[in-house]
Amino acid sequence: MEHARAEYEVSERRACRVVRQWRGTQRYLPLRRTDEDRLTQAILVLAGKYGRYGYRRITALLQHAGWPVGKDRVQRIWRREGLKVPQKQRARGRLWLGDGSCVRLRPERTNHVWSYDFVKAMTNDGRALRVLVVIDEYTRECLALRVARRLGSLQVIETLADVMLVRGIPEHIRSDNGPEFIAEELRKWLGRVGTRTLYIEPGSPWENGYCESFNGKLRDEFLNGEIFYSLKEAQILTERWRVEYNTERPHSARGYRPPQRKQSCQSMDMEIWKTLRVSHIPTSPATTTDKCPTRRYANNHFYKRSVRSEELLKREAKWKRAQAQKK
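The rules behind the values
- Within each chain, residue numbers correspond to sequence positions counted from 1 in written order.
- Given that the model is predicted, a residue must reach a pLDDT of at least 70 before its local features are reported, and side-chain atom pairs must reach 80 or more before they are shown or counted; all residues, however, enter totals for whole chains, interfaces and linings.
- In computing side-chain values, all of the structure's heavy atoms are included and hydrogens and water are not.
- Think of it this way: any DSSP run of H or I at least four residues long counts as a helix, any run of E at least two long counts as a strand, and we number them from the N terminus.
- Residue burial is assigned from relative accessible area. The probe radius is 1.4 Å, only protein chains are included, and a residue is buried under 20% of its type maximum, exposed over 50%, and partly exposed in between.
- A contact between two residues is defined here by any heavy atoms of the two lying within 4.5 Å.
- One less than the number of residues in a helix, times 1.5 Å, gives the span that helix is expected to have.
- In this context, the arc is that of the directions from the helix axis out to the C-beta atoms.
- For this analysis, a salt bridge means a side-chain nitrogen from Lys or Arg found within 4 Å of a carboxyl oxygen belonging to Asp or Glu.

Caption draft 1: Up close: the overall build of the protein. Per the secondary structure count, the protein includes 12 helices and 5 strands. A buried classification covers 39% of the 327 residues belonging to the protein. Taking the intrachain contacts of the protein between residues at least 6 apart in sequence as the baseline, contacts between residues at least 24 apart amount to 57%.

Take a look at the structure:
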């Protein structure tokens, strides 16, 4: 544009009209945000702590810390700094029958459907470890991670009993056809407590998709990055990761909120929290969507949107309860 004006000695208005460019676009000057460096540092800190998180979960953690940022801006900084960008997953078809009914029983409320499975690991000396995984399919919360050298049906019963004493008795529990899960003692015990078993088809692990998805996250974010020198160390680190997963890790299926609502935001490391916390952002009062007294939304737009989302969830839950009572 400047070359055309100098060559033909025309005004900026005339030159923009000839090349069909808006004058506002011609006069636009990019503005560098004053908080760009601090935001970049906060993203790098989180990327270093949560190495397997993508930019969307990092965005959720930043918003919880008070940063009024969207995923597009975080993605731009993410790519500029050369951080890992997870590959898109291949689309998978759902399990539907010819008449349109669903093969799996879909979870509709808390304690409606649990699922459990085993994950293999090993210590540094090459000895095997087994991890019993128990999750609530509706809330996506990990209820138990029991680590031992050997786990049989009796140990499975002990783990389920401990969880049921705290969380209540589920209506259904889903699993594969492993010998520990089809054992007669386990099925009789589940029948006495009032829990129905849901066994998937042999050789079809995708029918237990919620648990298999969790197993992948467990291995990718935790097991592949740890070296266990003893059984006790594996048990302690696994339980610590379970608490972090339930209270801190943003879950995409829950709107990038943790599966378990935290009572305090101070479970995050204090040094990282101080680095991420933004004190000068105008805040709105805490809403009913989050019980954490120290967490605030960055502006009224996020605040009102959260209130509307909570109302929709309440209406949906009320409708589901009414349908269950009719049945």
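Caption draft 2: Structural context of the environment of L160. Within the secondary structure, L160 is located in helix α7 (residues 153-167). L160 gets classed as buried once you look at its relative accessible area, which sits at 0%. With near-sequence residues (within four places) excluded, L160 lies in contact with Y116, V134, I173, L186, W189 and L190.

Caption draft 3: Looking closely at helix α9 (residues 209-221). Taking 1.5 Å per residue, 13 residues should reach 18 Å; α9 reaches 18 Å between its end C-alpha atoms and fits that length. Here α9 has its buried residues at C211, F214, N215, K217, L218 and E221. The arc that holds the buried residues of α9, viewed along the axis, is 165°, so those residues lie on one side. Check the buried side of α9 and you find it contacts α5 (55-64), β1 (113-122), β2 (128-136), β3 (142-148) and α10 (231-247).

Caption draft 4: Structural view of the pattern of salt bridges. Here the structure, examined in full by the defined rule, presents 18 salt bridges. Of the charged contacts in the structure, one is a salt bridge between D72 and K71, with a shortest N-O distance of 3.4 Å. For K71, a relative accessible area of 40% corresponds to the partly exposed category. Note that E221 and R249 form a salt bridge whose closest N and O atoms lie 2.8 Å from each other. Placement of E221 in helix α9 and of R249 in the loop between α10 and α11 (270-276) is noted, with a sequence separation of 28 residues between them.

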